[in-house]
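Summary of structural features
Listed here are the chains, written in short residue letters.
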Number of protein chains: 2
Amino acid sequence: MRSPTSRTDDRPEWGNSVTGPLPPSVRSRIDPFIVMDVMREANARVARGDDIIHMEVGQPATPAPKAALAAAEAALRSDKLGYTDALGMPALRERIAAFYGERYGIGVPPERVVVTAGSSGGFILAFLAILEAGDSFGLPNPGYPCYRHILSALGAEPRLIAPGPDDRWMPHARHVEALKAQGAKGLLLASPNNPTGTMAVDGRVGEIARACARERLWLVSDEIYHGLEYDRPAETALAASGEAIVVNSFSKYFSMTGWRIGWLVVPEDLVRPIERLAQNLFISTSAIAQHAALGAFDGIEELEETRKVYAENRALLLEELPKAGFKNILPADGAFYLYAETSHMAEDSRALCQAMLDRTGVAATPGLDFDPAEGKRFVRFSYAGSLDEMREASKRLKAWRETGQGF
Amino acid sequence: MRSPTSRTDDRPEWGNSVTGPLPPSVRSRIDPFIVMDVMREANARVARGDDIIHMEVGQPATPAPKAALAAAEAALRSDKLGYTDALGMPALRERIAAFYGERYGIGVPPERVVVTAGSSGGFILAFLAILEAGDSFGLPNPGYPCYRHILSALGAEPRLIAPGPDDRWMPHARHVEALKAQGAKGLLLASPNNPTGTMAVDGRVGEIARACARERLWLVSDEIYHGLEYDRPAETALAASGEAIVVNSFSKYFSMTGWRIGWLVVPEDLVRPIERLAQNLFISTSAIAQHAALGAFDGIEELEETRKVYAENRALLLEELPKAGFKNILPADGAFYLYAETSHMAEDSRALCQAMLDRTGVAATPGLDFDPAEGKRFVRFSYAGSLDEMREASKRLKAWRETGQGF
Ligand SMILES: Cc1ncc(COP(=O)(O)O)c(C=O)c1O
Ligand SMILES: Cc1ncc(COP(=O)(O)O)c(C=O)c1O
């Protein structure tokens, strides 16, 4: 067996006249998605036999609902599972459109629904369809880190807005006006937000949508945590504006992260530009995932049971984490995250998370992933696991605190 | 049920002070992937009950091999199917690396294998990892249209090279030098090529790889049609250079288009930049597709049977298409396409393809998709269907010719 490609220390074809390998692009110098680095390390420990509790990643402990799995299994038997239409199977686009009637009581035409490879695929399409290289775009801080990294990779410029406790850590119509004054092209709103779990409530989503329309800014509304609320329901931006771009996914509420399936609802004039981009960049979305997603709508009862587990997890952690030393947890109304202050425990929460993983086997994500400015002072816990895991994690964290060695 | 979002003719929130909806970005103005437009139309006709023969799209008539389907079914039952490591499940990366030993007799370390959402996902990662906005990159013409459209969407500039009959329609080391002189950053090589099916043979892939290394240009080698050769085997660029970026996929040889799963082999120094991009842009690749892909390696026998069908299809069409009036078919050594001249039949092959679909139900793709300069004079037929379909298509096309109405 020849093996030229494994001899990286000895590259005959690159000869002596060159000065080493070609360099990666500048635009690939985005930060890692730290959650994934932590998960990779946690997975490696699990593979070694360590007893790890995954609280680092927004990964439900449950598989897809049974109805989704049954639909996938049926499709394995009956469908060739070839390329589908780039915008998605017509039946799924219709089913998603109908869901807006059921969930929010609003009408969405199926033609404006675009099936995507997770909301991640949706962001790539939406940002490419509305932003030029060099354009700036408002993002919540703290917020989901991939927003800023996807924007950077695509040549656009993230502009972080940081609403504080007075705004309940959520953007406000005032921020829209400020973004406009700074020349930004739009705002990303995430309610419930990640990592904070906070929500824009009392009609504030509608206010923001109307402010964007008035100021002629794009509104991209990340509604991926809709359905996971513990007090009052989240508002969709579509209820207030047909010009909002809504990003959603089967990953979280529908418990289908690894299937890589989500959707966009876009204004009519964006459908064809997005179709062209989707044809060329992705060809189409996973066929088996589309079948499974169609089935998932018959699994709502099961998903509502899972939500009850999250509610229990949340209640438990809100009680237990402070006992383990975590402070000032932000007022989380939805999603499955708690964002807690740790500056009194460690200067940099990266070191804290590393020590926590080493000493307790509890994986959590340092705030720096979500907030390049203040994130060092915070840790995010995901409570999408089982109640037993949350109990065990609480026990270990409290015990660690009692040793006095952690911090 | 409120339905503000469906009243696109009446947008109260956008008021009177605005001049209509916000415009899509300039960079979304890429051409459509015409194959997908033709497929959408063909699918719509099938839904209406028309008897369509799909020769427009590179879509095998067969499903994934049985071993892949069995692995998927087992995973449905036993795995949570959550996010995986961004670079792919370790077992799959190892299996792909081992395949290079089995298939080409070369060693590839698993650490350099990146699992992607089809080769499409691989192109996005590779181009972002090596090119800045504004960089130019050499592409074969005719060639797979998404290369140029993905590059454009990502702000890079396609530079088309058009090797002629003297080079057997494939690039040559000379083209590498010419690209370097023009300031391009690299070359995309596809052997077998789409739409032509032509291959770089007699060591030419190695020559090109060495020329790229010498000139310090990136080589992206699209090896998606490897395994589908009818005479001599295709050469991998990895055999000549550990610096080549190889793009491959389970879509074609493995007959798994709709699963959206493929891979890259990249030089060591690109692994981490690509991991950061993959974490942020995609999070991870479909878990069920990764399980299925692992299984697919146990289905090689079945896949070799399918290749025999393609060989029969190819022989049949090489004999029958000329009788139906198609001329000067390019010397196709691999893939499952024939690229035929049609300028004597119609000035613009788009009109010809439309008429052919209307009158015969045979869907084929106009050459313009693959070649913005000369494509009007060509049509691409995909012969990835069954032998019966090819027979039926030949019959219909010959009958159409006899009516004298087509052209
Ligand atoms: C706020 C938010 N948006 C989007 C995503 C992307 O998820 P997916 O691509 O699985 O839909 C995530 C994942 O954690 C998230 O937290
Ligand atoms: C030459 C070539 N490369 C890449 C692709 C993309 O295929 P996929 O994303 O399914 O791997 C195709 C699809 O037809 C192709 O013909």
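Per-chain numbering applies: the sequence of each chain, read as written, is numbered from 1 onward. Chain letters and ligand numbers both follow the written order, the letters beginning at A and the numbers at 1. Two thresholds apply to this predicted model, a pLDDT of at least 70 for residue-level local features and 80 or more for giving and counting side-chain atom pairs, whereas whole-chain, interface and lining totals are computed over all residues. Only hydrogens and water are removed before side-chain values are computed, so all heavy atoms of the structure are retained for them.

In this section: the packing of helix H6 (residues 173-181) of chain B against helix H7 (residues 204-215) of chain B. All names here are of chain B. Axis lines are fitted through C-alpha atoms, for helices just across the contact stretch, and the angle between N-to-C directions can take any value from 0 to 180 degrees. Helix and strand assignments follow DSSP, with helices taken as H or I runs no shorter than four residues and strands as E runs no shorter than two, numbered in order from the N terminus. Their axes nearest at 8 Å, the elements H6 and H7 cross at an angle of 25°. Overall, the two elements H6 and H7 adopt an arrangement that is roughly parallel. Crossing geometry of H6 relative to H7 is assigned as right-handed. Touching Ala-173, Val-176, Glu-177 and Lys-180 of H6 are Glu-207, Ile-208, Ala-211, Cys-212, Arg-214 and Glu-215, all from H7. Its residues assigned to classes, the contact of H6 with H7 comprises five nonpolar, no polar and five charged. Angle categories: roughly parallel below 35 degrees, roughly antiparallel above 145, roughly perpendicular from 65 to 115, and oblique for all the rest. By definition, turning the near helix anticlockwise from the far helix through less than a right angle yields a left-handed crossing, and turning it clockwise yields a right-handed one. Here, two residues are considered to be in contact whenever any of their heavy atoms come within 4.5 Å of each other. All residues other than Ala, Val, Leu, Ile, Met, Phe, Trp, Tyr, Cys, Pro, Asp, Glu, Lys and Arg, Gly among them, are scored as polar; the first ten of these are nonpolar and the last four charged.

Another point: the confidence of the model for chain A. Predicted coordinates in regions of low pLDDT should not be interpreted in detail. Residue and element names in this part refer to chain A. As a per-residue measure, pLDDT reflects the predictor's confidence and takes values from 0 up to 100. Counting all residues, the mean pLDDT for chain A is 93, and 95% of those residues have values of 70 or more. Taken as a whole, residues 1-17 scores under 50 in pLDDT and shows 39 contacts with residues more than four places along the chain or in a different chain. For this predicted complex, the interface confidence reaches an ipTM of 0.94, while the overall pTM sits at 0.94.

All names here are of chain A. Across the sheet, three strands lie side by side as S9-S12-S11; this open sheet has antiparallel pairing. Of all strands in the sheet, those with a lone pairing partner are strand S9 (337-341) and strand S11 (365-366), marking the two edges. The pairing criterion for strands is at least two bridges between them, as found by DSSP. Where S11 meets strand S12 (residues 378-382), two bridges bridge the pair, whose relative direction is antiparallel. Paired with Pro-366 across the two strands is Val-379, which belongs to S12.

Attention shifts here to the pairing of strand S3 (residues 136-140) of chain A. Exposure classes here rest on a 1.4 Å probe applied to the protein chains alone. A residue is buried below 20% of its type maximum, exposed above 50%, and partly exposed in between. Among the five residues in S3 of chain A, five count as buried, and that is most of the element. The alternating pattern of S3 of chain A places Ser-136, Gly-138 and Pro-140 of chain A on one face and Phe-137 and Leu-139 of chain A on the opposite face, and all of these are buried.

Moving on, we get to a negative patch on the surface. Distance thresholds for patches are 9 Å for like charges and 5 Å for nonpolar side chains (Val, Leu, Ile, Met, Phe, Trp, Tyr), applied to residues having over 30% relative accessible area and no salt bridge. Working definition of accessibility: Shrake-Rupley area with a 1.4 Å probe, residue cover restricted to the visible protein chains. Between Lys or Arg on one side and Asp or Glu on the other, a salt bridge is scored when a side-chain nitrogen of the former is within 4 Å of a carboxyl oxygen of the latter. Under the convention used here, Asp and Glu are negative, Lys and Arg are positive, and both His and the chain ends fall outside the count. By convention, the charge on Lys lies at NZ, on Arg at CZ, on Asp at CG and on Glu at CD. A surface patch of negative charge is lined by Glu-94, Glu-111, Glu-268 and Asp-269 of chain A. For Asp-269 of chain A, the location among the structural elements is in helix H8 (residues 268-281).

Looking now at the pattern of salt bridges. Overall, the coordinates contain 62 salt bridges over all chains when judged by the stated rule. Of the charged contacts, one joins Arg-95 of chain B and Glu-102 of chain B as a salt bridge, the two residues approaching to 3.2 Å between their closest N and O atoms. Here Asp-348 of chain B and Arg-350 of chain B are joined by a salt bridge, their closest N and O atoms 2.8 Å apart. Each of Asp-37 and Arg-40 of chain A together with Arg-272 and Glu-275 of chain B takes part in one network of salt bridges that share partners.

Each pair of aromatic rings taken from Phe, Tyr and Trp, with Trp reduced to its six-membered ring, is defined by centres within 6.5 Å and is described as stacked if the planes are under 30 degrees apart, edge-to-face if over 60, and tilted in the remaining cases. Tallied over the entire structure, the rule returns 43 aromatic pairs over all chains. The interplanar angle of 70° and the centroid separation of 5.7 Å between the aromatic rings of Phe-127 of chain B and Phe-137 of chain B together place this pair among those described as edge-to-face. Of this pair, Phe-127 of chain B sits in helix H4 (residues 118-130) while Phe-137 of chain B sits in strand S3 (residues 136-140); the two residues are ten residues apart in sequence, bridging distant segments of the chain. Per residue, the accessibility class of Phe-127 of chain B equals that of Phe-137 of chain B, and both read buried. Among the aromatic residues, ring-to-ring pairing joins Phe-99, Tyr-100, Tyr-104, Phe-250, Tyr-253, Phe-254, Trp-263 and Phe-297 of chain A into one connected group. Charge over a ring is defined by NZ of Lys or CZ of Arg lying within 6 Å of the ring centre and within 35 degrees of the ring normal. The lysine or arginine in question, Arg-103 of chain A, covers the ring of Tyr-253 of chain A, its NZ or CZ lying 4.7 Å from the ring centre.

All names here are of chain A. Structurally, the position occupied by Gly-197 is in the loop between strand S5 (186-190) and helix H7 (204-215). Spatially, the C-alpha atoms of Gly-197 and Trp-169 are 9.7 Å apart, while their sequence positions differ by 28 residues. Setting aside residues no more than four positions away along its own chain, Gly-197 makes contact with Pro-192, Pro-331, Ala-332, Asp-333, Gly-334, Ala-335 and Tyr-337.

Let us now look at the interface of chain A and chain B. Between chain A and chain B, the contact holds 109 residues from the first and 109 residues from the second. Joining two parts hides part of their accessible area as seen by a 1.4 Å probe, and the buried area is that hidden amount summed over both. Both sides together, the interface formed by chain A and chain B hides about 9,400 Å², and carbon and sulfur atoms give 54% of it. Summed over the shared surface of chain A and chain B, the result is six salt bridges. A salt bridge links Asp-37 of chain B to Arg-272 of chain A; the shortest N-O distance between them is 2.7 Å. Think of a polar contact as two N or O atoms within 3.5 Å of one another; within protein, one of them needs to be a possible hydrogen donor and the other a possible acceptor, and neighboring residues in sequence only count if both atoms come from side chains. Summed over the shared surface of chain A and chain B, the result is 46 residue pairs in polar contact (both at pLDDT 80 or more). Elements represented by at least two residues in the side of chain A that touches chain B include exactly helix H1 (34-47), helix H2 (66-78), helix H3 (90-104), helix H4 (118-130), helix H5 (145-153), H7, H8 and helix H9 (287-296) of chain A. With eleven residues, the top contributor of residues to the side of chain A that touches chain B is H8 of chain A.

Looking now at the site of ligand 2. Neighbouring ligand 2 are 16 residues, the closest being Tyr-83 of chain A together with Ser-120, Asn-194, Ser-249 and Ser-251 of chain B. Positioned at a junction of chains, ligand 2 has nearby residues supplied by chains A and B. Within the side chain of Tyr-83 of chain A, an N or O atom sits 2.7 Å from an oxygen atom of ligand 2. When the free accessible area of ligand 2 is taken as 400 Å², the share hidden by the protein chains comes to 98%. With four residues, the top contributor of residues to the shell around ligand 2 is H4 of chain B. Here the shell around ligand 2 is composed, by residue class, of seven nonpolar, six polar and three charged. Throughout, the term near means that a residue has one or more heavy atoms lying within 4 Å of the molecule or strand in question.

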